[in-house]
Amino acid sequence: MKLSPVCSAIIVSVLMGGWPAPEMASASQHKSPENSKQQVDANPINEASISQPSSPCDNVVELAIMAKNAREAEFILGACLAAPGPSHMHLQAAHALMLLSDEQEMACAYAAIIEDMLEYPQPKVKSSTLEKIETDTQRQACLCVRKSSQNLSTMDFEEIDRIESSRQFEISQWHSVTSSTRMPDFNYELQVHQHRTMDHLCVFAGDEVRYFESRGTITRGFQEIDFFVHAETDTPIAVIIWRLGVHGQALQLLDLDAGEQILQRNSEWPVTYKILNNQIKYQYHQAIDGNKPEVIDERY
């Protein structure tokens with residue numbers, strides 16, 4: 001029996017530059033832990049029987065595809081990741097393992113590894129592949145940070161002190177949450193966390209990551225969030241204010257149902273806005289043809 005079509009699609013697409021449909025990726029991530037454990041116990045792998053190359057990263061794509069099951073594929077990919085080898089193969093192996101992982105703790109561990117790898121140039125990875133890896137890792141980071149902050153909120157100080165030095169705690173705490181806000185009467189939550197001088201915005205619809213983006217903390221970092229329901233479209237809208245340089249601000253509107261940006265206005269001075277009658281009126285400052293910034297009034 002060969003690897004399941006879902007696992008094969010993920011491994012092939014991740015390691016050879018194509019990409020699975022979203023439902024394929026989600027299918028590999030939402031298995032019941034109990035069922036997964038039963039399958040592992042009932043079908044233990046024989047590591048000695050797995051075909052191994054002279055170097056763990058040689059032909060790792062083909063070997064993972066030919067694995068009998070997902071666990072063998074993870075063993076092959078993990079052997080590459082743990083051994084000396086080309087950084088571009090380590091990156092793609094970690095990405096595949098993150099997508100294949102049934103346990104969020106392990107997916108978070110692989111995401112942390114990938115973030116470390118992405119700190120360095122990856123010239124041997126195609127730009128489209130690299131973009132996909134970055135996107136999937138940011139989405140996973142949103143889930144990890146949210147779960148971590150939820151866990152911390154239920155702990156007392158003694159429990160935090162007890163596990164503070166453990167490896168599990170280190171993995172789950174590789175970001176710090178700076179803001180978490182829910183939209184009243186809607187199942188939307190906006191969370192901002194900081195990591196490596198970046199502010200990362202994550203928008204959740206229930207347990208789904210609906211939207212995310214990152215901006216530099218110092219010059220373009222997060223400042224505030226507000227909400228309203230648009231009068232004409234009945235759409236829930238998030239109003240985000242970001243820093244923009246020394247004096248300026250950026251006003252961003254997000255359609256929370258669609259998970260899309262509606263508009264952004266960059267201002268050379270602070271933005272002012274009011275939400276009245278389910279509409280937003282705002283002012284921003286824009287220099288035209290190098291002249292003194294003019295005040296522009298708009299509404300949405």
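All of these numbers come straight from a predicted model, not from anything done at the bench. (Residues numbered from 1 in each chain as written. Predicted model: local features only at pLDDT ≥ 70, side-chain atom pairs only at ≥ 80, totals over all residues. Heavy atoms only, no water.)

K.L.:
So what about unusual backbone geometry? Which residues, and what values?
P.N.:
Of note in this structure, Thr 197 is not a glycine but carries a positive phi near 60°. You can see Thr 197 is positioned in the loop between β2 (188-195) and β3 (198-205). Not every positive phi belongs to a glycine, and Asn 278 is a case in point at roughly 60°. Take Asn 278: it is sitting in the loop between β9 (272-276) and β10 (279-286). Given a relative accessible area of 41%, Asn 278 falls into the partly exposed group. (Helix = DSSP H or I, 4+ residues; strand = E, 2+ residues; numbered from the N terminus. Buried < 20%, exposed > 50% of the residue type's maximum accessible area, 1.4 Å probe, protein only.)

K.L.:
Just give me the short version of the sheet that holds strand β4 (residues 208-216), but keep the residues and values in it.
P.N.:
Spatially, β1-β2-β3-β4 is the arrangement adopted by the 4 strands of the open sheet, whose pairing is antiparallel. Both edges of this open sheet fall to β1 (176-182) and β4, since each of them pairs with a single strand only. Going across the sheet, the axis of each strand differs from the next one's by a mean of 15°, ignoring polarity. (Pairing = 2+ DSSP bridges. Axes fitted to C-alpha atoms, helices over the stretch in contact; angles between N-to-C directions.)

K.L.:
Can you lay out empty space enclosed by the protein for me, pointing to particular residues and giving the numbers?
P.N.:
In total, this model carries 1 cavity of 30 Å³ or more according to the counting rule given. Approximately 60 Å³ is the volume found for the largest cavity. Along its surface, the largest cavity is lined by Glu 115, Gln 138, Ala 141, Cys 142, His 175, His 193, His 200, Leu 201, Cys 202, Phe 212, Glu 213 and Ser 214. For the lining of the largest cavity, the elements supplying multiple residues, two or more each, are α8 (127-153), β3 and β4. Within the lining of the largest cavity, the residues separate by chemical class into 5 nonpolar, 5 polar and 2 charged. (1 Å grid on protein atoms, 1.4 Å probe; cavity = no way out; pocket = protein on both sides within 12 Å on 5 of 7 lines; lining within 4 Å. Points joined across faces, edges and corners; volume = space filled by probe spheres on them. Nonpolar A, V, L, I, M, F, W, Y, C, P; charged D, E, K, R; others polar.)

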